[in-house]
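The residues making up each chain are set out below.
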Amino acid sequence: MNCPSCGAGIGFKSERAPYTVCSSCQTMVVRKDLNVEALGKVAECQPDGSPIEIGTQGSFNGKAFQVIGRIQLAYEAGFWNEWHLLFSDNSSGWLGEALGQYFVSFAEADPSAFADFRQLELGREFDYEKDLWVVLDRKTVRLNSFEGELPYVISNHDPFLTVDLRNTKGEGLTVDFSDAEASLYRGRWVPFAELKLAGLKREADPMIAVPASETVAVKCPSCGAPHEITAPGRSQLLVCQFCDSSLDASSPELNQLGIVMERAGEIAKWAKIPIGTTCQLFDGQYRVIGMVQSITESYGVTYRWKDYLLYNHLTGYRWLNENNGHYILFEQLYALPESSSTKRRGFSFKHRPVGMPGPSYILVDGQKNLHFSTAEVTVEKVVGEFYWRVTAGETAVVYDFIDPPTMVSAAVGQHDIPWTAGRYLEKEEMAKLFPSLEFEAPRGVAPCQPNPYLKARKAMSLPLWVAFFLSVFIIASGIFLPDGGEVASKGTVQVVQKGKATMGSGSAKDFELKGKGSRDVAVTVSSNQKDHWVKGQVELKSKQSRYRKQSQIILADYKNNSANRTTTVLRGVPAGEKLNLDFSASTGPPSAPPLIVGPPDTVEVALDYEVKTLPGKRSWAGLFYFLLLIQFPLWWARAGRNRFEKKRWYESDYG
């Protein structure tokens, strides 16, 4: 087919798209049977920084698609593209794209649930398809232009309302009031990498923050200072750090907006991270293009902090928050946080999405985030390049929720409630992101700073548990206890009774136990007395210390003469010292009283003895003391954790 206006060849890739725009003369053409008819000229789409163009290919949910058309919409923050997609199964859909955010959606058959735009108030909940949705964005847009193949033509060139809703699964609904009847589209937000786009307008490496060909060199019309527009087509504002002028970055002439950002150069001078610095994040390289200093007051105390705007031409924007040397990296949160469970219209929801935030906890990916603070935040100073026309004095109510090391924030504005999720960056991480910069040690405690004592306690837990079970094993097995059976001393001693003494006595040779510490020993005594009993005691003592131990010995007795050998155990005998063994005994025939029978002058009893060491005795008392000992590092960590949390929450609404 040929264009009826200029004769250039045109073709329709989709059987369902009756409209196309001739790429040669910008004429809108409608297909009727085998003929085409010109409908009029179409304005060219404005440069908007999009990397996508007609012909770009990608995939979504396992299905390949090709971009065959575009509707370009203009709104307060710039341009919003709706790319018409033709899928491999001949179905069609839409890829919404603005500021590096991507939303794949499909038309819903029945939009009647959202037909009344007056009910679509910001933060309101709606039931739709057995799920709960929340209105997060209301904006007025207008048709700017369109190109390629489209399933319909927007005839209304007046501004119209669009409303965006989200649920807790990262899905979205868009209600379009461009026609007399509302149109409804359902889809989900998709990271850039998941789309696997190929055939982009410029096959740039997504790891590069901004290709050199994308930047535009300009001069401030007020002071002549040189600048560089990093995101042409996306940026709406440039604040000159040399003369504090606010400039229209969307205009090639860089027109002045008539607003002076006081002392913008001051925050640029003292910025820890200069504008133009690049850093490598997990999904690409980003460049610092702007900085905002904000302020809030609480109970008469003024708080100030800075936010750096990071930009990548494919993946969009990130925010890096700096406060007293602490840094938190924020990105868009697409899935709505959850709150408490509820039942609505017969449907049971385990958790409901958060509408208007409040001073309560929220759930993000199943993790509980506690409310930290609610504050009215005011923009105090700005410098650099921004995707919206930020002004000094601009305010928003910000709700912060924490689950260290993460923070979730909602900024409630007049037309939207953007949710962002941030992660605390340690000093070492910042040094890796910005290797050319030096960062000071942070001061105080940040809202989502990880508690170092929790980390220390976790680090201690495993070694302490290992030590405990190892101690139980050592005590139970006795592998470190000394072996027994070693003969320390043996021999025969003569117990001699003289005169009228009732007992005789005798001493063995001195001996020494090997090793250190103390040992238990068994003293075995036997007698060669026949038909006699022997009764007495053995005493072991040290010549170097005060150790002294006595134990009774009975070799049979005068009532029962059946045994002539006995063993007694002496505990805690000191090793490495000179030891002496003394014996005392009396003897007599069976059934005689315990008196030595014999001549009045001398009676001798020969006693054979042997001293053997015993195996070490298991003592569980040591385990008890060990358990008490390991409580000290745990107590230290617990006390430190409590002190740290007290400092953290002192700065909150609950301090």
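The model shown is predicted, which means the values in this text are computed figures rather than measured ones.

Participant: Outline the overall build of the protein chain, supporting the account with residue identities and numerical values.
Facilitator: Broken down by element type, the protein chain carries 5 helices and 39 strands. Burial status across the protein chain gives 47% buried among its 655 residues. A fraction of 62% describes how many contacts in the protein chain between residues 6 or more apart in sequence connect residues 24 or more apart. In the structure as shown, the protein chain presents an accessible area of about 33,200 Å², 52% of it carried by carbon and sulfur atoms.

Participant: Run through the pattern of salt bridges, naming residues and quoting values.
Facilitator: The tally for this structure, following the rule as stated, stands at 25 salt bridges. Where Asp89 meets Lys63, a salt bridge forms, and the shortest distance between an N and an O atom there is 2.9 Å. Highlighted residues: Asp89 in the loop between strand E6 (78-87) and strand E7 (92-98) and Lys63 in strand E5 (residues 63-75), separated in sequence by 26 residues. Residue class for Asp89 comes out partly exposed when judged on its relative accessible area of 44%. Salt-bridge contacts for Glu147 lead to Arg70; the nearest nitrogen and oxygen are separated by 2.9 Å. Taken together, the positions of Glu147 in strand E10 (residues 131-150) and Arg70 in strand E5 put the pair 77 residues apart, joining distant regions of the chain. For Arg70, a relative accessible area of 6% puts it in the buried group.

Participant: Tell me what's going on with the packing of aromatic side chains, and back it up with residues and numbers.
Facilitator: When we look at a pair of aromatic rings, we describe it by the centre distance and by the angle of the planes. The final tally for this structure, using the stated rule, is 24 aromatic pairs. On the basis of an interplanar angle of 55° and a centroid distance of 5.5 Å, the ring pair of Phe114 and Phe126 is categorised as tilted. Linking Phe114 in the loop between strand E8 (101-107) and strand E9 (125-128) with Phe126 in strand E9, this pair joins segments that are 12 residues apart in sequence. For the pair Phe114 and Phe126, one class covers both residues: buried. Geometrically, the ring pair formed by Trp465 and Phe468 is edge-to-face, given 6.1 Å between the ring centres and 90° between the ring planes. Here Phe468 and Trp465 lie together in helix H4 (residues 452-477), a separation of 3 residues that amounts to about one turn. Members of the aromatic cluster, connected to one another through ring pairs, are Tyr311, Tyr317, Trp319, Phe386, Tyr387 and Trp388. Over the ring of Trp80 we find Lys139; its NZ or CZ atom is 5.0 Å from the centre of that ring. Above the face of the Tyr361 ring, Lys368 is positioned so that its terminal group lies 4.4 Å from the ring centre.

Participant: A description of the environment of Gly588 should follow, citing residues and the corresponding values.
Facilitator: By secondary structure assignment, the location of Gly588 is in strand E38 (residues 578-588). Taking the relative accessible area as the measure of exposure, Gly588 reaches 1% and is therefore buried. Sequence spacing of Gly588 and Lys530 is 58 residues, and the spatial spacing of their C-alpha atoms is 10.0 Å.

Participant: Quick rundown of H4? Include the residues and the values.
Facilitator: When the terminal C-alpha atoms of H4 are compared, their 38 Å separation across 26 residues agrees well with the 38 Å that a helix rising 1.5 Å per residue should span. The axis of H4 is deflected most strongly, by about 25°, at Ser461, and proline Pro463 appears within four residues downstream. Next to the buried residues of H4 lie helix H5 (621-650). For H4, the N-terminal cap is Asn451; the gap from its side-chain oxygen to the backbone nitrogen of Tyr453 is 3.0 Å.

Participant: Quick one: what's the story with the nonpolar core, residue by residue and with numbers?
Facilitator: Ranked by internal contacts, the top residues of the largest apolar core, which has 63 residues, are Ile273, Leu310, Leu320, Met430 and Phe434. Residues Phe126, Val134, Leu184 and Phe401 belong to the second largest nonpolar core, which totals 29 residues.

Participant: If you had to explain the environment of Trp419 to someone new, which residues and values would you point to?
Facilitator: Mapped onto the elements of the fold, Trp419 is located in strand E30 (residues 419-425). Spatially, the C-alpha atom of Trp419 lies 9.6 Å from that of Tyr399, the residues being 20 residues apart in sequence.

Calculation rules
- Residues numbered from 1 in each chain as written.
- Predicted model: local features only at pLDDT ≥ 70, side-chain atom pairs only at ≥ 80, totals over all residues.
- Heavy atoms only, no water.
- Helix = DSSP H or I, 4+ residues; strand = E, 2+ residues; numbered from the N terminus.
- Buried < 20%, exposed > 50% of the residue type's maximum accessible area, 1.4 Å probe, protein only.
- Contact = heavy atoms within 4.5 Å.
- Areas by Shrake-Rupley, 256 points an atom, 1.4 Å probe, with all protein chains shown as cover.
- Salt bridge = Lys/Arg side-chain N within 4 Å of Asp/Glu carboxyl O.
- Phe/Tyr/Trp six-rings, centres within 6.5 Å; stacked < 30°, edge-to-face > 60°.
- Lys NZ or Arg CZ within 6 Å of the ring centre and 35° of its normal.
- Expected span 1.5 Å × (residues − 1).
- Bend = angle between axes of the 7 residues up to and from the residue.
- Polar contact = N/O pair within 3.5 Å; in protein donor to acceptor, adjacent residues only side chain to side chain.
- Core = buried A, V, L, I, M, F, W, Y, C linked by side-chain atoms within 4.5 Å.

Function-wise, these values are silent; they only describe arrangement.
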